[in-house]
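Working through the structure, step by step
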Amino acid sequence: MAAVIQLQRQFIDYTTSLYKEGYLDDQFTQLQKLQDESNPDFVVEVVSLFFEDSEKLLNNLATALQQKTVDYKQVDSHVHQFKGSSSSIGAQRVTNVCVHFRNFCEEKNLDGCLRCLQQAKHEYILVRNKLEALFRLEQQILQAGGSIPMME
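First, a word on scope: everything that follows refers to the structure included in this document. Remember, predicted model here, so these are calculated numbers, not experimental data.

**Remarks on the overall build of the protein chain**
- The secondary structure content of the protein chain amounts to 6 helices and 0 strands.
- Each helix and strand of the protein chain, ordered N terminal to C terminal, gives the series α-α-α-α-α-α.
- Out of the 152 residues in the protein chain, the part that is buried amounts to 39%.
- Long-range pairs, those at least 24 residues apart, make up 67% of the contacts in the protein chain with a sequence separation of at least 6.
- Accessible area of the protein chain: about 8,700 Å², with a carbon and sulfur share of 49%.
- Charged side chains of the protein chain number 15 positive and 20 negative; the gap between the two group centres comes to 7 Å.

**Describing the layout of surface pockets**
- The space that makes up the largest pocket amounts to roughly 330 Å³.
- If you go around the largest pocket, you meet 16 residues; those closest to its centre are Gln35, Pro40, Glu138, Ile148 and Met150.
- When residues in the lining of the largest pocket are grouped by element, the largest group, 3 residues, is from helix α6 (residues 110–143).
- Class assignment for the residues of the lining of the largest pocket results in 8 nonpolar, 3 polar and 5 charged.

**Notes on the nonpolar core**
- By size, the foremost hydrophobic cluster in this structure holds 40 residues, and its most contacted members are Phe28, Val47, Val75, Phe82, Phe101 and Leu131.
- Those elements that place two or more of their residues in this core are α1 (2–20), α2 (26–33), α3 (42–65), α4 (72–89), α5 (92–106) and α6.
- Setting aside residues no more than four positions away along its own chain, Phe101 makes contact with Leu61, Leu65, Val75, Val79, Cys113, Cys116 and Leu117.

**Focus: the pattern of salt bridges**
- Evaluated as defined, the whole model comprises 3 salt bridges.
- The salt bridge partner of Glu55 is Arg128, with a shortest N-O separation of 2.8 Å. In this pair, Glu55 is assigned in helix α3 and Arg128 in helix α6, connecting sequence segments 73 residues apart.
- One salt bridge in this structure joins Arg93 and Glu123, with 2.9 Å as the shortest N-O distance.

Parameters and conventions
Residues numbered from 1 in each chain as written. Predicted model: local features only at pLDDT ≥ 70, side-chain atom pairs only at ≥ 80, totals over all residues. Heavy atoms only, no water. Helix = DSSP H or I, 4+ residues; strand = E, 2+ residues; numbered from the N terminus. Buried < 20%, exposed > 50% of the residue type's maximum accessible area, 1.4 Å probe, protein only. Contact = heavy atoms within 4.5 Å. Areas by Shrake-Rupley, 256 points an atom, 1.4 Å probe, with all protein chains shown as cover. Lys, Arg positive; Asp, Glu negative; His and termini not counted. Charge placed at Lys NZ, Arg CZ, Asp CG, Glu CD. 1 Å grid on protein atoms, 1.4 Å probe; cavity = no way out; pocket = protein on both sides within 12 Å on 5 of 7 lines; lining within 4 Å. Points joined across faces, edges and corners; volume = space filled by probe spheres on them. Nonpolar A, V, L, I, M, F, W, Y, C, P; charged D, E, K, R; others polar. Core = buried A, V, L, I, M, F, W, Y, C linked by side-chain atoms within 4.5 Å. Salt bridge = Lys/Arg side-chain N within 4 Å of Asp/Glu carboxyl O.

And the structure:
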């Protein structure tokens, strides 16, 4: 039982750090509150869909920004979609980059867009790795016979 308590403590500390460091916001908490016994994998499923969509959107953005004539409306549309999906799971730092990215789209600033694309990829990879680590920790707690602590 001591192992479970230690894992739960790790989970709380790690989750708290994700909020303090701005990787996640309250929307992630809201997502967790929607998970229950009837749908125990809800958060993992929603976040996995976010990962799939994000990979496609980042590839679409890279392709759109490499065109001879950049269609900034199309780029902005992809960024808007990425911002919405990031916001819906509480990926705060990704969402914040998208806000700046959209400003550069409006200005038709290719250098700014390319910088934001790199920053968006970077922040996406960071939050993906951190969420995957969080989900691994959840699995360890469950496999050890414990329950996942709820964050307030």
